[in-house]
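# Reading the structure
Take a look at the letters that make up each chain.
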Amino acid sequence: MWRPIPWFRNMSFKRKLFVYSLVISLLPVILTGTVLAHMAAKAIQDEVNQNHQIILQEMQRQVDSFWAGLDKASIQLANHRALEQAVQLGPSGKYLDEMLELADTIQKQRSVSDFQYDVSVIFLKFGKVYSSKHGFIELNEFAYRNVIDRIPPHFRSEIVAPDTYPGQDELLYLRPVPIFSDMQGSGILVLHIQKDKLADFAAHVPLGGNRKLYVFDEKGVVLISRAPEEIGTRPALITGGLPRYYTSEPAETDIGGEKYQLTVRQSDYTRWTHVAITPMKELTRQADRIQVTTVGIVLLLTAFWVLIARFGSTRMYGPVQHLLQRLLPPSRAGTGNEWHALDAYVTGMLQTNEQLRRQLNEQSPYLKETIVHQLLRGEMNSNEAERVRQTFGFQLQGSRYAVCLIDIDDYARFQQLYQDKDRSLIMFALRKMTEEVFEERFSCASGITMPGQMALIIGLEKGDAALENLLLTAQKFLDTSAKYFQFTVTIACSHPVLTYRDINDAYREARDLLGYRLLYGPGKLLTPQQVVPAENQLASDIIKREKLIVTAVMQGKADEGAELLRVWVQDMPQFVQHFHAALGLFAHLIGELVLYMQELELAPHEVFGEDPYKRLYEMTTMNEVAEWLAGTVFPSIAERLELAHTGKQQRMAADVIRFIHNHFDTDLSLQQLADQLHISPSQLSRMFKEETGTNFIDYLIRFRMDKAKEWLAHTEMPIKDIAERLSYTSVQNFTRVFKQYEQLPPGEYRKRFRGD
């Protein structure tokens, strides 16, 4: 058994403390410094490898996000009704609205994207291309016609790396339109991403030093690099193939006679390979610097701990001994373990204080809201409420409690108005305004119960005056919020309850009150006294009125039906109490209309859409339903009834209009149309004037001027080419006619439309 040597055993405690402190302090420093000096090279390599992994992970995240966004944008566009309809109908003047909707759809999709790209839609059946940069062009003029010719007949999506084909300096992403067709698609959607946009991904990643970063596709082609000129190439790095580097450890490779450390990461989402490389000479230089620094730190720490040990044993021992006597029992204060005991005591105290402080800071913002949620769910009894009051100081002043729900009326529109971050800020502002308005008169606590909805538990005193003040305050909040926000809210206030346990019942009552928003409209204060009249059964009078509405509409009298509907809706609150009953009446009305239309062999889906009942149940007020029926459905039914009785003269006028829309860019004449329809020119002119209210030549010129405005506004086509395509003999004639109709020359019209 080891025993201390006599001279050490006879030392004073302060000297023992000095020796112990010096040995204990120096040994770890010297050993650690020696090990670090030998491990410097490996340490820097591990750090570089970790940095590579972080860089590659960040790059992979950005690329995957970019590709997911690109994939999503292509699917949304290729699957959009406007694109499917446009590629099937073709780019002609006959379908001007469809082509404008095509351009508008593409522009909207590009405007909401986080990255920039151009879009081309190829009309395979018509040999045309619509480009977001060039407008409508011939397929033969399309820059990537050779790429399109090499696409398989049936494909789901296709990626073409830059420089795959001559003259192709962009990454192309192709999808068929329609996207889910088993047959040959009617068109192809092409997204163009320029090289400099791809290079931005690498440019925004902080590499440091002379490091390089690449992203390769499955064929070994560079898709992303800091240097745009490297994108689309096959560098010497992958001559032997990248799979041999697919390990968690870095590898060494030789590029152009220079050694590099290389780290490879493959994306599970895109199957692309991300590569980061660092010159070995840079690694060696940093390792040498770390070795020198480590040795210097060891020397400094050695000198520092010698001073600390000397100072601690001579100057600090007296105060520490006094402190030990006060903090520790006498049995431990006089032993040789005072330092360890003091260290353990102080460390434990600091850890406990830090833990308590951290828990308090973390929970304090959510504590009050958590208690509110427990009260709303009925999870807190009187004893638990008393414990919360004593522990956290949470107490609502008053002898009874009411629950008010503040709910955004049209949450779908609210989501469209504000982005995710902005919605959080708006909800925070709405909550602060709620607390400021109600806390002026009441003790209250708030909590977010669901997106777009907030609950307020309010303490009330006895008497009707307190309840009246609550309703006045709620109305004041509605007026204030209407001034500062672009949306409306509905407030539902429950009956007062006596205990914390009953707050759950008040909350459920307030939720039920929100169901009456359809009858009373948005932006209202809903109370039990307002929405609980005596319930009556549906009177036969309201059913009779429904029959009158259906009869008027099916006779083509849309205005009369709209007036009957207005009175019907106005009197409906006398017969129905809840919005479910109101929706049932509207659904029955729609069912009657659909039945009559089917008997007359009219197509209901052309009026209502695929699912009229789904659209009905998405609406939030009776006025909104009435406006939809009177403003859209009734006129549409009347129009289809009128078209069902269209005579020969109307059909002939429609044929003339259709022929004009298809042949406006030719030398079209009335005689040519008369010969086509086997009728005299004078008779055709008279019939056309009676049906359209305008002469044939005026209609033709007006249509040509509309096409000219479209080309001037949405394309870069020269005015000379526009005049030639509209069959004018000279630019002067075209300019004269255009100015006569639009009150300004073509060039000035283009400038004003684009805001130049």
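Scroll up for the structure.
The rules behind these values
- Residues numbered from 1 in each chain as written.
- Predicted model: local features only at pLDDT ≥ 70, side-chain atom pairs only at ≥ 80, totals over all residues.
- Heavy atoms only, no water.
- Helix = DSSP H or I, 4+ residues; strand = E, 2+ residues; numbered from the N terminus.
- Buried < 20%, exposed > 50% of the residue type's maximum accessible area, 1.4 Å probe, protein only.
- Contact = heavy atoms within 4.5 Å.
- Areas by Shrake-Rupley, 256 points an atom, 1.4 Å probe, with all protein chains shown as cover.
- Salt bridge = Lys/Arg side-chain N within 4 Å of Asp/Glu carboxyl O.
- Pairing = 2+ DSSP bridges.
- Core = buried A, V, L, I, M, F, W, Y, C linked by side-chain atoms within 4.5 Å.
- Phe/Tyr/Trp six-rings, centres within 6.5 Å; stacked < 30°, edge-to-face > 60°.
- 1 Å grid on protein atoms, 1.4 Å probe; cavity = no way out; pocket = protein on both sides within 12 Å on 5 of 7 lines; lining within 4 Å.
- Points joined across faces, edges and corners; volume = space filled by probe spheres on them.
- Nonpolar A, V, L, I, M, F, W, Y, C, P; charged D, E, K, R; others polar.

Regarding its fold elements, the protein presents 31 helices and 16 strands. When burial is assessed residue by residue, the protein has 42% of its 756 residues classed as buried. The long-range share in the protein, meaning contacts at least 24 apart out of those at least 6 apart in sequence, stands at 62%. Of the roughly 41,900 Å² of accessible surface on the protein, a fraction of 53% belongs to carbon and sulfur atoms.

Let us look at the pattern of salt bridges. Applying the stated criterion across every chain yields a total of 16 salt bridges. For Asp104, the salt bridge is made with Lys108, and the minimal N-O distance between the two is 3.3 Å. In this pair, Asp104 and Lys108 are both assigned in helix α5 (residues 96-111), 4 residues apart and thus about one turn of the helix distant. For Lys108, a relative accessible area of 53% gives the class exposed.

With that settled, consider the pairing of strand β12 (residues 400-408). Counting buried positions along β12 yields 9 of 9 residues, so the element is predominantly enclosed. On β12, burial covers both faces: Arg400, Ala402, Cys404, Ile406 and Ile408 on one face and Tyr401, Val403, Leu405 and Asp407 on the other are all buried. With 8 bridges connecting them, β12 and strand β14 (residues 453-460) associate as antiparallel partners. Across the sheet, the residue bridging to Val403 is Ile457, located in β14. The pairing of β12 with strand β15 (residues 489-493) spans 5 bridges and is antiparallel. The partner of Ile406 across the bridge, within β15, is Ile491.

As a further point, take the nonpolar core. In terms of nonpolar packing, the biggest core is built from 43 residues, with Val121, Leu189 and Leu191 touching the most fellow members. When residues of this core are assigned to their parent elements, the largest contribution, 10 residues, is made by helix α3 (residues 40-78). Setting aside anything within four residues of it in sequence, one finds Leu191 in contact with Leu70, Ser74, Leu77, Tyr117, Asp118, Val119, Leu171, Leu172 and Tyr173. Membership of the second largest hydrophobic core comes to 36 residues, among which are Ile542, Ala582, Leu583 and Leu589.

As a further point, take the packing of aromatic side chains. Scanning the model with the defined rule gives 17 aromatic pairs in all. Residues Tyr418 and Phe487 carry aromatic rings whose centres are separated by 6.3 Å and whose planes lie at 85 degrees to one another, so their mutual orientation is edge-to-face. Within this pair, whereas Tyr418 is found in the loop between α13 (411-417) and α14 (420-439), its partner Phe487 is found in the loop between α15 (464-484) and β15, the two being separated by 69 residues in sequence. For Phe487, a relative accessible area of 7% corresponds to the buried category. Ring geometry for Phe734 against Phe738: centres 5.9 Å apart, planes inclined by 45 degrees, an arrangement best described as tilted. Taken together, the positions of Phe734 and Phe738, both in helix α30 (residues 731-742) and 4 residues apart, correspond to about one turn of that helix.

Our next topic: unusual backbone geometry. Note the cis peptide between Val177 and Pro178, where omega equals 0 degrees. Here Pro178 is to be found in the loop between β5 (170-177) and β6 (187-194). Even without being glycine, Ser727 reaches a positive phi, approximately 65 degrees. Within the secondary structure layout, Ser727 lies in the loop between α29 (719-725) and α30. For Ser727, a relative accessible area of 24% translates into the label partly exposed.

Let's shift gears to the side chain of Thr434. Structurally, Thr434 is set in helix α14. Ignoring sequence-local partners within four residues, the contact set of Thr434 consists of Ile406, Met454, Leu456 and Phe477.

This next bit is on empty space enclosed by the protein. According to the stated counting rule, one finds 2 cavities of 30 Å³ or more in the structure shown. Together, Met99, Leu100, Ala103, Tyr130, Gly135, Phe136, Glu710, Trp711, His714 and Thr715 line the largest cavity. A breakdown of the residues in the lining of the largest cavity according to their chemical character gives 6 nonpolar, 3 polar and 1 charged. Reported here for the second largest cavity is a volume of approximately 50 Å³. Taken together, Leu467, Leu471, Cys493, Ser494, His495, Pro496, Thr527, Pro528 and Gln529 make up the lining of the second largest cavity.

Note that all results are geometric; they support no functional claim without further evidence.
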